[in-house]
Every structure is written in C-alpha cells, then in structure tokens.
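What follows is the residue order along each chain.
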Amino acid sequence: MASRVDIEEGGNGRKPRGAEANSSAFDYGHVSVGESEWTSWVVPMFVVANVAMFIVAMYVNNCPANPNPYGSCVAKFLRRLSFQPLRQNPLLGPSSSTLEKLGALEWNRVVHEHQGWRLLTCIWLHAGVIHLLANMLSLVFIGIRLEQQFGFVRIAAIYLISGLGGSVLSSLFIRNSISVGASGALFGLLGAMLSELITNWTIYTNKFAALMTLLFIIAINLALGILPHVDNFAHIGGFLTGFLLGFVLLVRPRFGWYESRMLPHERKPRSKYMAYQWILAAIAFCLFIVGFTVGLTMLFKGENANERCHWCRYLSCVPTSRWTCGN
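Bear in mind the structure is a predicted one, so any value in this text is a computation, not a measurement.

A. Region of interest: the UniProt feature "transmembrane region" (unreviewed entry) in the protein. The UniProt record marks residues 41-60, 123-144, 156-174, 180-201, 208-227, 233-252 and 273-300 with the feature "transmembrane region" (unreviewed entry), using the residue numbering of this structure. Helix makes up 77% of residues 180-201 and strand 9%. Its end C-alpha atoms lie 35 Å apart. Secondary structure within residues 208-227 divides into 85% helix and 0% strand; the distance between the first and last C-alpha atoms comes to 30 Å.

As structure tokens, then:
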C-alpha cells in the first residue's frame, strides 16, 4: 500500500495506493532436485529500512511543535513521535508536508525541479502505521519465499525496479497529489510470481490451482485500486514491470536438468532451458526496455498521459453516487 495526498485539497486527503496482496509465495509443487535454498536477508533488511524511515519521518514531523487546525496530536505520550490528528491523517502518521520534504513523489518537483530521485525515495516512505503494517506484512509473506528460491540479487532487483516502474506510471497520470509507499514494488513481486509460474510451467505440479489462486489475488488487489483515494497506477506500473522482469530473471532449468547430470553425455538434454523460455525472456526484455524508455521520456518531457488515454483514469478511480474522483 502506498499513499497519495491531494495537493489541491490542502494536503489532508490521504490516498493509499491500495490494499496489498497479503499472500505468501505459493508452493507449486516443484519437483526438480539439486537446487539449494537461499537464506533470506535482503527482504528483512528492506522491512527494517522501511520501519526506520517511518520513525525518521515521525521525528522530523514533530506534531506537538506545530499548531494544527485539525485538532490535537494522537498518542501524545510518544511526544515528538506522536501522530497527526485523525482528521488530517487517519492512517496514524506524519503530515503531507513532512512526507514531501523527505522525498515523496510529486510530479512538479520531478519534472520541473529535476528531482528524479523522488521516483525511488517515495517507495521507502509511508503515510502511517496502518499503511506501513499492511505493506510490510505483504513484503514478508511474498518476498521471503521468493528470496529463498531465487536469491537476494534477483529479488532485490525486481523489487526496486518495479517500485520505479510504479512511480513512473503514477507520475504520468497523477499530477495534483504526492505519493508514498512500496505498493509498486510489492505488486512487482506479484507480477514476477505470475511470470515465473508461466515460464517454468513444465517443472511444477499443482500449477493450474496455483495459477487460478494467484490470478484471483492479483485481480482482487487491482480491483481495490479503483476505489477513491487509491493510486492504482502505481499498482499497475509495478505489476507490469515485475511481470516482464520475472520472465528474464526467474527462469529455472528445464524439467529433469539437475537429475540428468548423472546420466551419460548422449542421454543428457541438449539445452539447460526450453526454447519457449528463451523466447519469452527475449520478448519480455524488449518490452521492458521499450516501456521504460517511452515512460521516462514522456515523464521528463512533461507530457500528460491522460491526454493520450482519456479512459485510463478509470483504472485508478471509478466515480459513483457515493464519491467523486479528483485529478
């Protein structure tokens, strides 16, 4: 989950990037042997870093030192670390001005003030305790199992690049609010899980059940993104980035490859990977490069993606009689 704050409304409308997928990496019934399991350490490190950044944000925020028209600080016993009034931030966290000061994603600063670093710093900030808890639980459930299977380098790369992809797509469509949170990165891990299952299809049992379950979880979380105050563009951008990277970085050897090492040379498979795995990886890599190039070019040229896709705004919010959608 990440959070967006409407600048036009004075910064008191928090926009979580959505309910993250609270699912662990599924056990598809991997039947090959010979692969060692990695020790997970980068995902726990990411959790610690996010918690530390939230504490820093609350320290910088210093609610008691700043008079607030929305009421008194919450949890005053925390003193400097106490939260903004619930009317201003119902997620129990700092003010929007504090988040912006520390590196929240904001289109004008990225494009016109050349602060492109905000595309990455925003994924380490959270709008409140509830926001932080939801994201970190999702990261633990999804990330640890993936890191144990594929190692810290590949999972860290997918996490960070997917977070960047979510920020880029969000900035292309959303201009009047700031955004924080790790949801783009988390949806990238979900996307990578899906592409990993597809590209390594032949080595798994129980794959149809796993595919249906994974698609259901992804669909539910993306559907929640059309509610108001949710930045679904970050979800979609992160998911697509992770989905493409999964075909490239999470490829496993073909079924029976490890066992075949004990066979005579003439009985061994000719290639470690299937032909379709190479094809999928090549297509995904090309799409990834083209997508990022086009997205970053449009962003830093200041183009508004809403002008090129008038219906795309409904991917992030669908207006009803109960609410309206800004931006």
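Continuing now.
B. Representation of the packing of aromatic side chains within the structure. Inspection of the entire model under this criterion finds 10 aromatic pairs. Between F46 and Y159 the ring centres are 4.8 Å apart and the planes differ by 25°, which places this aromatic pair in the stacked class. You can see F46 sitting in helix α1 (residues 42-61) and its partner Y159 sitting in helix α6 (residues 152-173), a full 113 residues away along the chain. On the basis of relative accessible area, Y159 is assigned to the buried category, the value being 1%.

C. A look at the nonpolar core. In this structure, L139, L146, Y159, L189 and L190 are the most contacted members of the largest nonpolar core, which totals 41 residues. For this core, the secondary structure elements donating two or more residues are α1, α5 (129-150), α6, α7 (183-199), α8 (207-224), α9 (232-249) and α10 (275-300). Element by element, the count of residues in this core is highest for α7, at 9 residues. In contact with L139, not counting residues within four places along its chain, are V43, F46, V47, I144, Y159, L186 and L189.

D. Region of interest: the environment of V248. Summarising the element assignment, V248 is placed in helix α9. For V248, a relative accessible area of 31% corresponds to the partly exposed category. A sequence separation of 36 residues divides V248 from A284, and the C-alpha atoms of the two residues are 6.9 Å apart. Apart from the residues lying within four places of it in its own chain, the contact partners of V248 are A281, A284 and F285.

E. Main features of the state of the cysteines. What the rule picks out here adds up to 2 disulfides. C309 shares a disulfide with C312; S-S distance 1.8 Å. Its torsion about the S-S bond being 80°, the disulfide of C309 and C312 is classed as right-handed. Here the two residues C309 and C312 agree in accessibility, since each one is buried.

F. Just the pattern of salt bridges, in detail. If you walk through the whole model with that rule in mind, you get 5 salt bridges. Residues E303 and K301 are paired through a salt bridge, measuring 3.6 Å at the closest nitrogen-oxygen approach. Residue K301 is classed as exposed on the basis of its relative accessible area, which comes to 60%. Among the salt bridges present, the one from E303 reaches R308, with a minimum N-O distance of 2.9 Å. Linked through salt bridges whose partners overlap, the residues forming this network are E100, R109 and E113.

G. Focus on the packing of α8 against α9. Remark: α8 packs on α9, axes separated minimally by 9 Å, with the N-to-C direction vectors making an angle of 150°. Between α8 and α9, the angle falls in the class roughly antiparallel. In this structure, α8 contributes I218, N221 and L222 to the contact, and α9 contributes N232, H235, I236 and F239. In terms of residue class, the contact of α8 with α9 is built from 4 nonpolar, 3 polar and no charged.

The rules we used
- Residues numbered from 1 in each chain as written.
- Predicted model: local features only at pLDDT ≥ 70, side-chain atom pairs only at ≥ 80, totals over all residues.
- Heavy atoms only, no water.
- UniProt positions renumbered as here; feature names shortened; annotations may be inferred.
- Helix = DSSP H or I, 4+ residues; strand = E, 2+ residues; numbered from the N terminus.
- Phe/Tyr/Trp six-rings, centres within 6.5 Å; stacked < 30°, edge-to-face > 60°.
- Buried < 20%, exposed > 50% of the residue type's maximum accessible area, 1.4 Å probe, protein only.
- Core = buried A, V, L, I, M, F, W, Y, C linked by side-chain atoms within 4.5 Å.
- Contact = heavy atoms within 4.5 Å.
- Disulfide = S-S within 2.5 Å.
- Salt bridge = Lys/Arg side-chain N within 4 Å of Asp/Glu carboxyl O.
- Axes fitted to C-alpha atoms, helices over the stretch in contact; angles between N-to-C directions.
- Parallel < 35°, antiparallel > 145°, perpendicular 65-115°, else oblique.
- Nonpolar A, V, L, I, M, F, W, Y, C, P; charged D, E, K, R; others polar.

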